[in-house]
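Architecture and fold: a report
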Amino acid sequence: MMTVNVKFVGALRHIADKSDMIIECPVDFSVKELLQKIILYLPEIKTNIVNQQTGNVVKTNVLILVNDREISVLNGMDTLLNSGDEVVFIPVVHGG
């Protein structure tokens, strides 16, 4: 088993009612699996992160960083995590 540090920023911090949490997970755990585990602990956050029309796809207005790198430059939702990694969920506000 390993631990991953999860942080919530902005509105997600208020919805989760916490700014961070430590998740224990097995080795070779992906960001997608981590998100599923977070939703088990914090079901109220699902509607703000997951696109309800497409199932388990993350909304385009949420950035996910693993150790300060956006997951799109890594392996997306299939990015594998290591013990001690920091995963940050950041809501993005679009305007015009």
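Described in the following lines is the structure provided in the data block.

The rules behind the values
Residues numbered from 1 in each chain as written. Predicted model: local features only at pLDDT ≥ 70, side-chain atom pairs only at ≥ 80, totals over all residues. Heavy atoms only, no water. Helix = DSSP H or I, 4+ residues; strand = E, 2+ residues; numbered from the N terminus. Buried < 20%, exposed > 50% of the residue type's maximum accessible area, 1.4 Å probe, protein only. Contact = heavy atoms within 4.5 Å. Lys, Arg positive; Asp, Glu negative; His and termini not counted. Salt bridge = Lys/Arg side-chain N within 4 Å of Asp/Glu carboxyl O. Polar contact = N/O pair within 3.5 Å; in protein donor to acceptor, adjacent residues only side chain to side chain. Core = buried A, V, L, I, M, F, W, Y, C linked by side-chain atoms within 4.5 Å.

**Observations regarding the environment of valine 92**
- Tracing the sequence through the fold places valine 92 in the segment after β5 (86-91).
- By relative accessible area, which is 27% here, valine 92 ends up partly exposed.
- For the pair valine 92 and valine 62, spaced 30 residues apart in sequence, the C-alpha to C-alpha distance is 5.6 Å.
- Each residue touching valine 92, except ones within four places of it in the same chain, is listed here: Asn61 and Leu63.

**Things to note about the environment of methionine 2**
- Relative to the assigned elements, methionine 2 resides in strand β1 (residues 2-8).
- For methionine 2, a relative accessible area of 5% translates into the label buried.
- Those residues within four positions of methionine 2 in sequence are excluded, and the remaining contacts are Ile23, Glu24, Cys25, Pro26, Val27, Phe29, Leu81, Asn82 and Ser83.

**Topic: unusual backbone geometry**
- At aspartate 28, a residue that is not glycine, the phi angle is positive and equals roughly 65°.
- As for its placement among the helices and strands, aspartate 28 is situated in the loop between β2 (20-25) and α2 (31-41).
- Owing to a relative accessible area of 55%, aspartate 28 belongs among the exposed residues under this scheme.
- Of note in the backbone geometry, asparagine 67 takes a positive phi value of approximately 50° without being a glycine.
- Tracing the backbone through its elements, the reader meets asparagine 67 in the loop between β3 (62-66) and β4 (69-70).
- We classify asparagine 67 as partly exposed; its relative accessible area is 38%.

**Observations regarding α2**
- Here α2 has its buried residues at Val31, Leu34, Leu35, Lys37, Ile38 and Ile39.
- Contacts made by the buried residues of α2 are with β1, β2, α3 (46-49), β3 and β5.

**What to know about the side chain of aspartate 85**
- Position of aspartate 85 relative to the elements: it lies in the loop between β4 and β5.
- Buried charge without a salt bridge: aspartate 85, with arginine 69 as the nearest opposite-charge side chain at an N-O distance of 10 Å.
- Here the side chain of aspartate 85 touches asparagine 82 through a polar contact of 2.7 Å, landing on its backbone nitrogen.

**Concerning the nonpolar core**
- By size, the foremost hydrophobic cluster in this structure holds 27 residues, and its most contacted members are Val6, Phe8, Leu34, Ile38, Ile45, Ile49 and Phe89.
- Listing elements by their share of this core, those giving two or more residues are β1, α1 (11-16), β2, α2, β3 and β5.
- If one sorts the elements of this core by residue count, α2 sits on top with five residues.
- Ignoring sequence-local partners within four residues, the contact set of isoleucine 49 consists of Leu12, Leu35, Val57, Val58, Lys59, Val62 and Phe89.

By themselves, these are just geometric observations and shouldn't be taken as functional.
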